[in-house]
Amino acid sequence: MRRRRYLMRKRVVVTGMGCISPVGNTVEETWSALLAGKSGAGAITHFDSSKHKTRFAAEVKGFDAVSVFGAREARKMDRFTQFALLTAAQALDHAGLRIDDSNRDRVGALIGTGIGGVGTMMEQAEILRERGADRVSPFLIPMMISDSAAGMLAIRVGARGPNMSLATACASGNNAIGEAVEMIRRGAADAMIAGASEAALAPITIAGMNVMGALSTRNDDPLTASRPFDKTRDGFLMGEGAGMLILEELEYAKARGATILCEITGYGTTDDAHHISAPAENGAGAAISMRLALEDAGLTLTDIHYINAHGTSTTLNDKSETAAIKSVFGKQAYAIPISSTKSMTGHLLGASGAVEAIFSIQAIRESILPPTINYNTPDPECDLDYVPNKPRSVAVKHAMSNSFGFGGHNATLVISRYEK
């Protein structure tokens, strides 16, 4: 019965992608950097980090909001909204999707973010403290709220379909894509702009992550700080960026002659119900999320040819995710290549799942897997195939992408090669 429902339901395909990351300002630049094993880490330039325990991050480079949006519009948007609008424009252009009176009520947007406009909040809080309440920007509230990216996008492109934001910490990107897929499946929209954006490199967030013990403190060697699944890992590399997909109902995409990049076939989401920041014992909640995604896709254990891991480079996450993969796949887990692209991009928090979905799509389309760099010392508790240090040529028909977040949120996507 489940298989019959899978065959009868509406199919959702990807027709466009957009990305800005610490290693590139387009999908093509970012993907090339990943295959070259390039790290986006470096000294923090956004603010004076000299008094912080961690003084490096993975910043987006060469992004000039004024040149993209103009000075007047740029100053009305937080950096996370700017990233979202830029990558959505890239994705729409890539898809060749024009929004006009013929379709605007059937095109929507679902954009996730873990934190939203924290940079604007900090800046305006300082103005309040130093200059008084009347000097706070009238744009403060619309700039800082997490739904500003989705709302601003709708205004700019004229999309009047379903529109919302979603916040599930570091699972936000996968949840945004997965929930947008469900909207199309149930007929609420013909196309969705879906993904996530994050620009949370601010003094307060770095300080907060440091006191939690979440960040690497390898200030003397930032390029090797992110080392997922390596025994010597000491925390994650914080990053920023955004990823957007154009999702379309298959028949709608075919009718307009769109180029189909791949298909989103499976989505699973759960919560650990365990701890606000630590994963459940042996990755129990993550394992259920993966099983649900496999079931949703109608696939078996041997159908998955690649896993893009959450792989944060923290002691608990990498051990827990490895255990979860073993729990789901059993002995087959040792035959599946797994990589953490966070070793290069850093952890983009809420945006991580969205950019990693793009990397999974690229792996399927180009039959090559990005590596996990900085993997040199095996950990007995992390003993799977993590595609160490060099890309690998592998034919991929179905890929799985994991994202897990504070609050115990788990979200898994299954992405498949499109077949008629």
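These numbers come from a predicted model, not from an experiment. Counting starts from 1 at the beginning of each chain's written sequence and moves along it residue by residue. Local features in this predicted model are restricted to residues of pLDDT 70 or higher, and side-chain atom pairs are both shown and tallied only at a pLDDT of 80 or more, whereas totals for entire chains, interfaces and linings draw on every residue. Note that the side-chain values use all heavy atoms of the structure and ignore hydrogens as well as water.

Draft legend 1. Spatial organisation of the pattern of salt bridges. Salt bridge, as used here: a side-chain nitrogen of Lys or Arg that lies within 4 Å of a carboxyl oxygen of Asp or Glu. The tally for this structure, following the rule as stated, stands at 20 salt bridges. Sharing partners across several salt bridges, the network here consists of Arg9, Glu182, Arg185 and Asp296.

Draft legend 2. How the structure looks around the sheet that holds strand β7 (residues 241-249). We call two strands paired when DSSP finds no fewer than two bridges between them. Runs of H or I in DSSP of at least four residues are treated as helices and runs of E of at least two as strands, each being numbered from the N terminus. Reading across the sheet, the 10 strands line up as β5-β4-β6-β7-β1-β8-β14-β13-β9-β10 and stay open at both edges, with mixed pairing between neighbours. Unpaired on one side and paired on the other, β5 (163-166) and β10 (338-339) mark the two borders of the sheet. Across six bridges, the pairing between strand β4 (residues 107-112) and strand β6 (residues 191-198) is parallel. Following the sheet pairing, Leu110 is matched in β6 by Ala194. Every residue pair with non-hydrogen atoms within 4.5 Å of one another is taken to be in contact. Note on method: axes are straight lines fitted to C-alpha atoms, helices fitted across the in-contact stretch only, with angles between N-to-C directions ranging 0 to 180 degrees. Across the sheet, helix α15 (residues 352-366) is in contact with β1 (12-20), β6, β7, β8 (262-271), β9 (306-308), β13 (398-405) and β14 (409-416); its angle to β13 comes to roughly 165°.

Draft legend 3. Spotlight on the layout of surface pockets. Here a cavity denotes grid points, spaced 1 Å and computed from the protein atoms alone, that fit a 1.4 Å probe unable to get out, and a pocket denotes an open set having protein on both sides within 12 Å along at least 5 of 7 lines; residues with an atom within 4 Å of a point are the lining. Grid points are joined across faces, edges and corners, and a volume is the space filled by probe spheres set on the points. If you add up the space inside the largest pocket, you get close to 530 Å³. For the largest pocket, the lining is made up of 34 residues, of which Ser277, Pro279, Thr314, Asn317 and Phe406 are closest to its centre. Within the residue set of the lining of the largest pocket, elements represented by two or more residues are α12 (284-297), α13 (315-329), β13 and β14. Ranked by residues supplied to the lining of the largest pocket, first place goes to α13 with five residues. Just so you know the grouping, Ala, Val, Leu, Ile, Met, Phe, Trp, Tyr, Cys and Pro go in nonpolar, Asp, Glu, Lys and Arg go in charged, and all remaining residues, Gly too, go in polar. Looking at side-chain class alone, the lining of the largest pocket contains 13 nonpolar, 18 polar and three charged residues.

Draft legend 4. Region of the structure containing helix α5 (residues 79-95). What a helix should span is 1.5 Å times the count of its residues minus one. Compared with the 24 Å implied by 1.5 Å per residue over 17 residues, the 24 Å span of α5 between its first and last C-alpha is a close match. Of all 17 residues that make up α5, 13 are buried, and the element is covered over most of its length. The residue sitting at the N-terminus of α5 and contributing the capping side-chain oxygen is Asp78; that oxygen lies 3.0 Å from the backbone nitrogen of Phe80. Following α5 by one or two positions, Gly96 adopts a phi angle in the positive range, close to 65°. Residue exposure (1.4 Å probe, protein chains only): buried if accessible area is under 20% of the type maximum, exposed if over 50%, otherwise partly exposed. Two N or O atoms form a polar contact when they lie within 3.5 Å of each other; inside protein one atom must be a possible hydrogen donor and the other a possible acceptor, and for residues adjacent in sequence the pair counts only when both atoms belong to side chains.

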